[in-house]
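Here is what each chain is made of, one letter per residue.
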Amino acid sequence: MTPPQAPLAVLTPHAAPGQFPDWSSFIASGRQAAGFLLDGFAPDAQDELLWAIRRSSWWNAWIALAPGAPASRLECLADARHPPEVASREAVRLASDGADGPHHMDFEERLLHFLFVRDGARLQPVCDRHSLYLYRFPLAEALGADEARVTHTLLDLQRRRILEPGLPVDRVRHCIRCSSAHPHYHDVCPQCRSIQIGKAAA
């Protein structure tokens, strides 16, 4: 991307002049943007936009949801909830930090670059009962890989200590034969409901 004169593109179904009602309208405009603000969409439409942006050549741009935007299944693809002035400032900051990176990156490089320029960024797992592994990482998948490759890559990066595991959100038991996580049950402390259960000699 070239440095844009207008850093923030606003996408909203009730678009005013200079704004865009959908992704195709933005693409057709030929406009450059360092970031995007999504405002006023229904959850499904919001998710479609988030996915489209992260799968496009603007994959590393700052994406903000307006403070009143709805919760949605893929909202983890956005960077934050910001009013326009804050979203614009963050978009410019990210672009000025050289967030574009090399033009040709494989999936692992793209993922690490995305996380590196967003200091403190985390990959958020999302429970999906249709997933073989029960949990998916939509942001990683949006950056250019299918579920199996994402899972393999994240495990490899963790093994190499390039990524660190976060706090557990669940305990999942995988089938030794096929890796399915659907034989699903977990231990919970009856006193405090914690899932961080340790083993000790009786």
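Small disclaimer: the values here were computed from a predicted structure and weren't measured.

K.L.:
Could you clarify how one ought to interpret the state of the cysteines in this entry?
P.N.:
For the structure on display, the rule yields zero disulfides. Cysteine 76 carries a free sulfur, and the closest cysteine sulfur to it, the one in cysteine 127, is 13 Å from it. Cysteine 76 sits in the partly exposed class, given a relative accessible area of 22%. According to the relative accessible area criterion, cysteine 127 is partly exposed, its value standing at 36%.

K.L.:
What is the right way to read the environment of leucine 167 from this model?
P.N.:
Positionally, leucine 167 belongs in the segment after α6 (147–159). For leucine 167, a relative accessible area of 74% translates into the label exposed. Taking the C-alpha atoms as reference points, leucine 167 and glutamine 196, 29 residues apart in sequence, are found 9.3 Å from one another.

K.L.:
Sorry if this is basic, but what is going on with helix α4 (residues 107–116) here?
P.N.:
One turn of the α-helix equals 3.6 residues, which is why residues spaced by three or four share an orientation. Of the residues making up α4, those classed as buried are Phe107, Leu111, His113, Phe114 and Leu115. Here the buried face of α4 lies against α2 (43–54), α5 (138–142) and α6. Near the N-terminus of α4, the side chain that reaches the backbone nitrogen of glutamate 108, with its oxygen 3.3 Å away, is that of aspartate 106.

K.L.:
What am I meant to see in the sheet that holds strand β4 (residues 80–81) here?
P.N.:
Working definition: the strands of a sheet are paired by backbone hydrogen bonds and lie parallel or antiparallel to each other. Strand order in the open sheet formed by four strands is β1-β2-β3-β4, with parallel pairing between adjacent strands. Strand pairing shows two members of the sheet lacking a second neighbour, β1 (8–11) and β4, which therefore form its edges. With two bridges connecting them, strand β3 (residues 62–65) and β4 associate as parallel partners. In the strand pairing of β4, leucine 65 is matched with arginine 81. Where helix α3 (residues 84–96) meets the sheet, its contacts fall on β1, β2 (35–38) and β3, and the angle it forms with β3 comes to roughly 165°.

K.L.:
What am I meant to see in the packing of α4 against α6 here?
P.N.:
What describes two packed helices is the angle between their axes and the distance between those same axes. Look at α4 against α6: their axes get within 11 Å of each other, and the N-to-C directions meet at 65°. Considering the relative orientation of α4 and α6, their crossing is right-handed. Across the interface between the two elements, Phe107, Glu108, Leu111 and Leu112 of α4 pack against Arg149, Val150, Thr153, Leu154, Asp156 and Leu157 of α6. The residue inventory of the contact of α4 with α6, partitioned by class, reads six nonpolar, one polar and three charged.

Cut-offs applied
Residues numbered from 1 in each chain as written. Predicted model: local features only at pLDDT ≥ 70, side-chain atom pairs only at ≥ 80, totals over all residues. Heavy atoms only, no water. Disulfide = S-S within 2.5 Å. Buried < 20%, exposed > 50% of the residue type's maximum accessible area, 1.4 Å probe, protein only. Helix = DSSP H or I, 4+ residues; strand = E, 2+ residues; numbered from the N terminus. Contact = heavy atoms within 4.5 Å. Polar contact = N/O pair within 3.5 Å; in protein donor to acceptor, adjacent residues only side chain to side chain. Pairing = 2+ DSSP bridges. Axes fitted to C-alpha atoms, helices over the stretch in contact; angles between N-to-C directions. Left-handed = near helix turned anticlockwise from the far one by under 90°. Nonpolar A, V, L, I, M, F, W, Y, C, P; charged D, E, K, R; others polar.

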